[in-house]
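# A structural walkthrough
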Amino acid sequence: MRQPPSIDAWGGGGFRVAGVWRPGSLLIVDDQPRDWAVTALADLTPASFAEVFAAQGTVEFVLLGVGLANALPPRPVRDALKAAGVGLEFMSTEAAARTYNVLASEGRRMAAALIAV
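Residues numbered from 1 in each chain as written. Predicted model: local features only at pLDDT ≥ 70, side-chain atom pairs only at ≥ 80, totals over all residues. Heavy atoms only, no water.

## Side note on the sheet that holds strand E3 (residues 20–23)
Just so we agree on the cut-off: By definition, two strands form a pair when at least two bridges between them are found by DSSP. Helix and strand labels come from DSSP, where a helix needs a run of H or I of at least four residues and a strand needs a run of E of at least two; each type is numbered from the N terminus. Angles shown run from 0 to 180 degrees and are taken between the N-to-C directions of axes, each axis being a line fitted to C-alpha atoms and, for helices, limited to the stretch in contact. Contact between two residues is taken to exist if any of their heavy atoms lie within 4.5 Å; hydrogens are not considered.
Strand order in the open sheet formed by 3 strands is E1-E2-E3, with antiparallel pairing between adjacent strands. In this open sheet, the two strands that pair with only one neighbour each are strand E1 (7–11) and E3. When the angles between neighbouring strand axes are averaged without regard to direction, this sheet yields 20°. Here 4 bridges tie E1 to strand E2 (residues 14–17), and the two strands are oriented antiparallel to one another. Across the sheet, the residue bridging to Trp-10 is Phe-15, located in E2. This element, helix H3 (residues 93–105), spans E1 and E2 of the sheet and lies at about 180° to E1.

Quick look at the structure:
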């Protein structure tokens, strides 16, 4: 049975995931939280999602937290995800963290890519 980690808190430059503080941005793929080198929406490239592409077939879509305010991700990122057959939902990091918890509890197969705020 899947045990996706919960995002307990966010802000202050990081996230508390399943009770453990993780400084910096966060990527969750296959229910495994890991550090993510992206620090700003402008830094995003298709290569930022290499682990998502590697998990192809187990990820329906990427839930992208873009920072403090919602903004459109760069076109090359949108195009690369679309070409790989991976959906993209983007919103502020706070909204994405809340949405992740709801969708994970529903058993959705997604990746969460959250830029720290």
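## Quick notes on the pattern of salt bridges
Going by this rule: A side-chain nitrogen of Lys or Arg and a carboxyl oxygen of Asp or Glu constitute a salt bridge if their distance falls within 4 Å. Relative accessible area decides the class of each residue, using a 1.4 Å probe on protein chains only: under 20% of the type maximum gives buried, over 50% gives exposed, and in between gives partly exposed.
Per the counting criterion, the structure on display carries 7 salt bridges. Measuring nitrogen to oxygen at the nearest pair gives 3.3 Å for the salt bridge that ties Arg-22 to Asp-35. Residue Arg-22 is found in strand E3, and its partner Asp-35 is found in strand E5 (residues 32–36); the two are separated by 13 residues along the sequence. For Asp-35, a relative accessible area of 56% corresponds to the exposed category. Among the ionic pairs, Arg-108 bridges to Glu-60, the shortest N-O distance being 2.9 Å. With a gap of 48 residues between them, Arg-108 in the loop between H3 and strand E8 (110–114) and Glu-60 in the loop between helix H1 (50–54) and strand E6 (61–65) connect regions that are remote in the sequence. For Arg-108, a relative accessible area of 31% gives the class partly exposed. Here Glu-60 falls in the partly exposed class, since its relative accessible area comes to 38%.

## Digging into the pairing of E3
Bridging between E2 and E3 involves 4 bridges; their strand directions are antiparallel. Each bridged residue has a counterpart across the sheet, and for Phe-15 the counterpart in E3 is Arg-22. Turn length for the E2-E3 hairpin, with the two strands adjacent in sequence and antiparallel, is 2 residues, and the turn residue Ala-18 shows positive phi of about 50°.

## Describing the sheet that holds strand E7 (residues 87–91)
If you trace the 5 strands from one edge of the open sheet to the other, you get E5-E4-E8-E6-E7, paired in mixed fashion. Of all the strands in the sheet, just E5 and E7 have a single pairing partner and so form its edges. Neighbour to neighbour, the strand axes of the sheet diverge by 20° on average, direction disregarded. Direction of pairing for strand E4 (residues 25–29) relative to E8: antiparallel, over a ladder of 3 bridges. In the sheet register, Leu-26 faces E8, and the bridge partner there is Leu-114.

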